[in-house]
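Residue-level listing of the chains:
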Amino acid sequence: MTEKKKNLSEFKPFEFSSASKKKIGIVVSEWNDRITDSLLKGAEECLLEHGVPQENILVKHVPGSFELPMGAQWMLKEAFVDAVICIGCVIQGETRHFDFISQAVADGIMNVGLKFSKPVIFSVLTCNTMEQAEDRAGGKHGNKGVEGAVTALKMLELSHDLG
Ligand code: DLZ
């Protein structure tokens, strides 16, 4: 039986017991900034709605999505955040850049999370067209920045429960 696809943008707000104590980093790629700005707005609003204080949200920009894993690593190592949300948007072009960047970013983000044993969230759109990106940055398919924030909070809650 196929399950209905989940869209975390339509999540029910949940009780996040340790929200006020958590420091969350958001690393944002400057490429396709109209899209990444919308994703950032969605992520920040969602964190605030769940009780993360504004002063505990650290936002930093990197030149492109390829730099997101390094930005996340520095956030964890130098700024001692509890989780990082990586926001980017890679759009298919005429060359193979898209494949190399998308794969490297996905692998890099996973590796940083495992290395630091902290949630490092993949809120990176990998789209064929700008229209697909718009649909996922506050359009008909929700906002993947919101989904990234929900995922970070859920992972922190899980780690809190296990610890
Ligand atoms: C070079 C490049 C290209 C062609 N496309 C994108 C893109 O669609 N989205 C994105 O976030 N970044 C892109 N970049 C920049 C790379 O991520 C990276 O910043 C440069 O290759 C320098 O390392």
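Cut-offs applied
- Residues numbered from 1 in each chain as written.
- Predicted model: local features only at pLDDT ≥ 70, side-chain atom pairs only at ≥ 80, totals over all residues.
- Heavy atoms only, no water.
- Near = heavy atom within 4 Å.
- Polar contact = N/O pair within 3.5 Å; in protein donor to acceptor, adjacent residues only side chain to side chain.
- Helix = DSSP H or I, 4+ residues; strand = E, 2+ residues; numbered from the N terminus.
- Nonpolar A, V, L, I, M, F, W, Y, C, P; charged D, E, K, R; others polar.
- Patch = residues over 30% accessible without salt bridge, like charges linked within 9 Å, V, L, I, M, F, W, Y side chains within 5 Å.
- Areas by Shrake-Rupley, 256 points an atom, 1.4 Å probe, with all protein chains shown as cover.
- Salt bridge = Lys/Arg side-chain N within 4 Å of Asp/Glu carboxyl O.
- 1 Å grid on protein atoms, 1.4 Å probe; cavity = no way out; pocket = protein on both sides within 12 Å on 5 of 7 lines; lining within 4 Å.
- Points joined across faces, edges and corners; volume = space filled by probe spheres on them.
- Contact = heavy atoms within 4.5 Å.
- Buried < 20%, exposed > 50% of the residue type's maximum accessible area, 1.4 Å probe, protein only.
- Axes fitted to C-alpha atoms, helices over the stretch in contact; angles between N-to-C directions.
- Left-handed = near helix turned anticlockwise from the far one by under 90°.

### Some remarks on the site of the ligand
In step 1: Contacts to the ligand come from Ser29, Trp31, Asn32, Gly64, Ser65, Phe66, Glu67, Cys89, Val90, Ile91, His97 and Ile101.
In step 2: Gly64 places a polar main-chain atom, nitrogen or oxygen, 3.5 Å from an oxygen atom of the ligand.
In step 3: At three residues, the largest contribution of residues to the shell around the ligand is made by strand β3 (residues 83–91).
In step 4: In terms of residue class, the shell around the ligand is made up of six nonpolar, five polar and one charged.

### Let's talk about a nonpolar patch on the surface
In step 1: Judged by side-chain polarity, Met155, Leu158 and Leu162 come together as a nonpolar surface patch covering roughly 310 Å² of accessible area.
In step 2: With respect to the helices and strands, the residue Leu162 is situated in helix α5 (residues 144–162).

### Quick look at unusual backbone geometry
In step 1: One non-glycine residue with positive phi stands out, namely Asn32, at about 55°.
In step 2: Here Asn32 is to be found in the loop between β1 (24–29) and α1 (33–49).
In step 3: Phi is positive for Phe80, which is not a glycine, with a value near 55°.
In step 4: On the secondary structure map, Phe80 appears in the loop between α2 (68–78) and β3.

### Some remarks on the layout of surface pockets
In step 1: For the largest pocket, the calculated volume is near 370 Å³.
In step 2: As for the largest pocket, its lining consists of 18 residues, of which Ser117, Lys118, Pro119, Val120 and Met155 are closest to the centre.
In step 3: Within the residue set of the lining of the largest pocket, elements represented by two or more residues are α3 (97–116), β4 (120–127) and α5.
In step 4: A total of six residues in the lining of the largest pocket trace back to one element, the largest contributor, which is α5.
In step 5: Partitioning the lining of the largest pocket into residue classes produces eleven nonpolar, four polar and three charged.
In step 6: The space that makes up the second largest pocket amounts to roughly 280 Å³.
In step 7: Residue lining of the second largest pocket: 14 residues in total, with Trp31, Val90, Ile91, His97 and Ile101 positioned closest to the centre.
In step 8: The set of elements that each furnish at least two residues to the lining of the second largest pocket consists of β3 and α3.
In step 9: Among the residues forming the lining of the second largest pocket, the class breakdown is seven nonpolar, six polar and one charged.

### A short note on the side chain of Thr36
In step 1: Mapped onto the elements of the fold, Thr36 is located in helix α1.
In step 2: A polar contact is formed between the side chain of Thr36 and the backbone oxygen of Ser29, at a distance of 2.9 Å.
In step 3: The contacts of Thr36, once residues within four sequence positions are left out, are Val28, Ser29, Trp31, Ile87, Gly88 and Cys89.

### Section: the side chain of Gln73
In step 1: With respect to the element layout, Gln73 can be found in helix α2.
In step 2: Accessibility expressed as a relative area gives 18% for Gln73, which makes it buried.

### Here we look at the packing of α1 against α5
In step 1: One way to put it is that α1 packs onto α5 with a least axis distance of 6 Å and a crossing angle of 40°. α1 and α5 meet at a crossing whose hand is right-handed. Facing α1, whose interface residues are Leu39, Gly42, Ala43, Cys46 and Leu47, α5 presents Lys144, Gly145, Val146, Ala149, Val150 and Leu153.
In step 2: Within the contact of α1 with α5, the residues separate by chemical class into eight nonpolar, two polar and one charged.

Just distances and angles here, no functional claims.
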